[in-house]
Structure formats: C-alpha cells, structure tokens
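# Examining the three-dimensional arrangement
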Amino acid sequence: WKKDEIKQDHGREILKLIPRFDDFTILPDNLNFSPIINNCFNLYAEFNHTPEKGNWKWTQILLKHVFGSQYILGLRYMQALYLNPDRMLPILVLVSKERQTGKTTFINWLNVIFGANMVNINPDDLASSFNAVYAVANIIAVEETMIEKAVTVEKLKAVSTGKLLTVNQKYVSGYKVPFFGKIILASNNEDKFAKVDEEEIRFFIRKLEMPKITNHNIEQDMISEIPAFLHYLTTLPDIDWSRDRTGFTPDEISNESLVKVKKESKSWLYKDMCELFTDLFNNEATEEKYVYISPTDVKTKWFEKNGKIDINYIGKVLRDEFKMVRT
C-alpha cells in the first residue's frame, strides 16, 4: 500500500508501528531462517516442516519409480533442494506419454514440502516478459511442457543458471533480486518437450513408466512421511560441490532419454541426410570406408530439384550438426 492510503485507512500514528527496510533480498535457508538480513526484507518464506526420525516407505517407492536406475542421484537432488536451496541444480525433466505415471504426484508432494517457496507455472509464463510469478521462487515447476520457440528454450537455460534476476511486473518499476530458482519440467512429449542441443549438459531427464505398485492414497501417505524423509536427508554425506557447480556431472545425469531428445532435436535435413548417407554405404557397390563430399555434391546428388535447400544450409548442417570439418 502507498503511505497516504495507509494513513487514510488507519491514521498517521500507525506509520510508527510499521517496520522499514532498506531493500528486498532473498537468502534461501530451510534450517536457519532469517526474515531480515542486513535490514533487508527476506522474500524467502520460512520452511514449515521439522525433521523427525521415522518411516518413509511410500516416499521411497515413488522416488525409486521417478528416478529408476538413477535413484541415488534422485536422493542427492532432494538433499540439495532441502539442505542447499542456495545452490544451482540441473533442470529436472519428467516425461511420459501415458497419464497417471506419477509426474503430478511428485510435483504436488514437492509443493507441500516447500510451500510458498515453490510455484507452478505454464510455458506461457516463461515466454512472457513479466516474470513476477516466479521471480522469487526457489523451485519452479512447469507442467504440460512443450517449448517450441528457441528463444524460450534459451530463456529457460538462462534462468536456470542466473544469479540475479530483474523482477518485471505490471505497473511496478523493475528491481533486481538474488535468484536461486530450480526448474522442474513435466511433459507428455517424451522426445520433443524442447529443442536440446548436442552439447547441452543442463537437463536431467527421467522417463516415467506406469507404476508397478498402486496406491490411490499415496500423496497423503507421502505427506505424512515428510518429517521422516527430511530427517533421512540430513543423515546423507554432504554433496561434493567441487565436482560440478550443479552437484551433478554431465556423465552422471546422461541417460538414454537425454540421447533421444538430443537426436529428435536435430533438424529435419540432418535426419534426411543420415538416411541418405546410410543408404549410400549400405546399398551402393563400394568397398570404401570413407566418402569425401562437399555441400555442393550433396545438393547435386540428392537435392538438386529442391529449391528450399541451398548449399549454405547443407554446409551449416554438416558443420554444426554432423560436426564435420572442411578439409
């Protein structure tokens, strides 16, 4: 509220009771929360759960379902969310064509754990120039994700690694705050949720199958197990952040799902040329192990009558996607 409106509603004297701060800041801490830091108002919300030793059977079942063979990495990811909320993490992506595979259950459970420090948005919010809906969140979940525009993908990657964010909201002047947002995507598009470059190392993709164990009350069971699970996380060895700034090396989070997404992200011309090159070696009578070919040769041999494909585009695909070097 503006000062004049406060005085009009409550009188001038109430201004003496209202605390004044120098600025906004964000300092994420789920164990030792401070609402005021150096006379700056902390926009991070206080954590509402207390660890307590106990059983977390259903939590373990869901985490093993979500992270599969990378279950230990999943525990490390959860440990970082709870004990190291100020650290950067890879973009976690949960994908499955089928419904009711646990994506929403996992995100709902995280919302209960992290409360006001987590927000659910849609892909349009990412593309928008107004970011107030997620600017102060520590965990940002994007469900039903299908990011088609390259600029949105680049923005997503920039947000996942940024340390400061300018908050843009309607009718308010922009201001900068420290940013510690971790991004979780959920999508029914297993191979096409976004365009992922070959060199990309920021995506931790998990493909979810149908659950082998059915429990229609699993969310409530997991919520009751939150104190026990948090206690378990405090008993794990500290994460070695010296190995990678995200706590996960590219080799650790690499898996078959990531490889498929990168392959699907290739251009249509790359895919066509792969088939043409394969056919060239398999079907033409030659004992040669290598073929020396130029963009002009490719154009003449296969795309001479296609006016949409020029030599420059062919050269770009050979150079950028096939990683070929001109000799």
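Above this text you will find the structure in question.
Only a predicted model underlies this, so the values are computations on that prediction, with no experimental measurement involved. (Residues numbered from 1 in each chain as written. Predicted model: local features only at pLDDT ≥ 70, side-chain atom pairs only at ≥ 80, totals over all residues. Heavy atoms only, no water.)

## Regarding the sheet that holds strand β4 (residues 91–95)
If you walk across this open sheet you meet the five strands as β5-β6-β9-β4-β10, and the pairing is parallel. The sheet terminates laterally at β5 (118–121) and β10 (203–207), the two strands that pair on one side only. In this sheet, neighbouring strand axes are inclined to one another by 20° on average, regardless of whether the strands run parallel or antiparallel. Its contacts with the sheet put helix α4 (residues 103–114) on β4, β5, β6 (139–142) and β9 (182–187), and the angle it makes with β5 is roughly 145°. (Pairing = 2+ DSSP bridges. Helix = DSSP H or I, 4+ residues; strand = E, 2+ residues; numbered from the N terminus. Axes fitted to C-alpha atoms, helices over the stretch in contact; angles between N-to-C directions. Contact = heavy atoms within 4.5 Å.)

## Things to note about the packing of aromatic side chains
Evaluated as defined, the whole model comprises 16 aromatic pairs. Across from the ring centre of Tyr71, 5.4 Å away, lies the NZ or CZ of Lys64, which sits over that ring. In this structure, Arg76 packs its charged tip against the face of Phe248, placed 5.0 Å from the ring centre. (Phe/Tyr/Trp six-rings, centres within 6.5 Å; stacked < 30°, edge-to-face > 60°. Lys NZ or Arg CZ within 6 Å of the ring centre and 35° of its normal.)

## Notes on the side chain of Asn42
Mapping Asn42 onto the fold places it in strand β3 (residues 40–42). Overall, Asn42 belongs to the buried group, its relative accessible area being 4%. Side-chain polar atoms of Asn42 contact the backbone nitrogen of Leu27, separated by 3.0 Å. Contact partners of Asn42, with chain neighbours within four places excluded, come to Thr25, Ile26, Leu27, Phe33, Ser34, Pro35 and Ile37. (Buried < 20%, exposed > 50% of the residue type's maximum accessible area, 1.4 Å probe, protein only. Polar contact = N/O pair within 3.5 Å; in protein donor to acceptor, adjacent residues only side chain to side chain.)

## A closer look at the sheet that holds β3
Pairing within the open sheet is mixed, and its three strands lie in the order β1-β3-β2. If you trace the sheet from one side to the other, it starts and ends with β1 (23–25) and β2 (36–37), each paired once. Looking at chain direction, β2 and β3 are connected through two bridges and run antiparallel. Counted as the bridge partner of Ile36 is Phe41 from β3.

## Brief notes about the environment of Val259
Structurally, Val259 can be placed in helix α10 (residues 256–264). Note: C-alpha distance between Val259 and Ala194 (65 residues apart in sequence) is 13 Å.

## With respect to unusual backbone geometry
Trans peptide bonds make up the majority, and among non-glycine residues the majority have a negative phi. Non-glycine residue Asn38 carries a positive phi angle of around 55°. One can find Asn38 in the loop between β2 and β3. Positioned with a positive phi, Lys323 is a non-glycine residue whose angle comes to about 60°. Mapped onto the fold, Lys323 is located in the segment after α13 (311–320).

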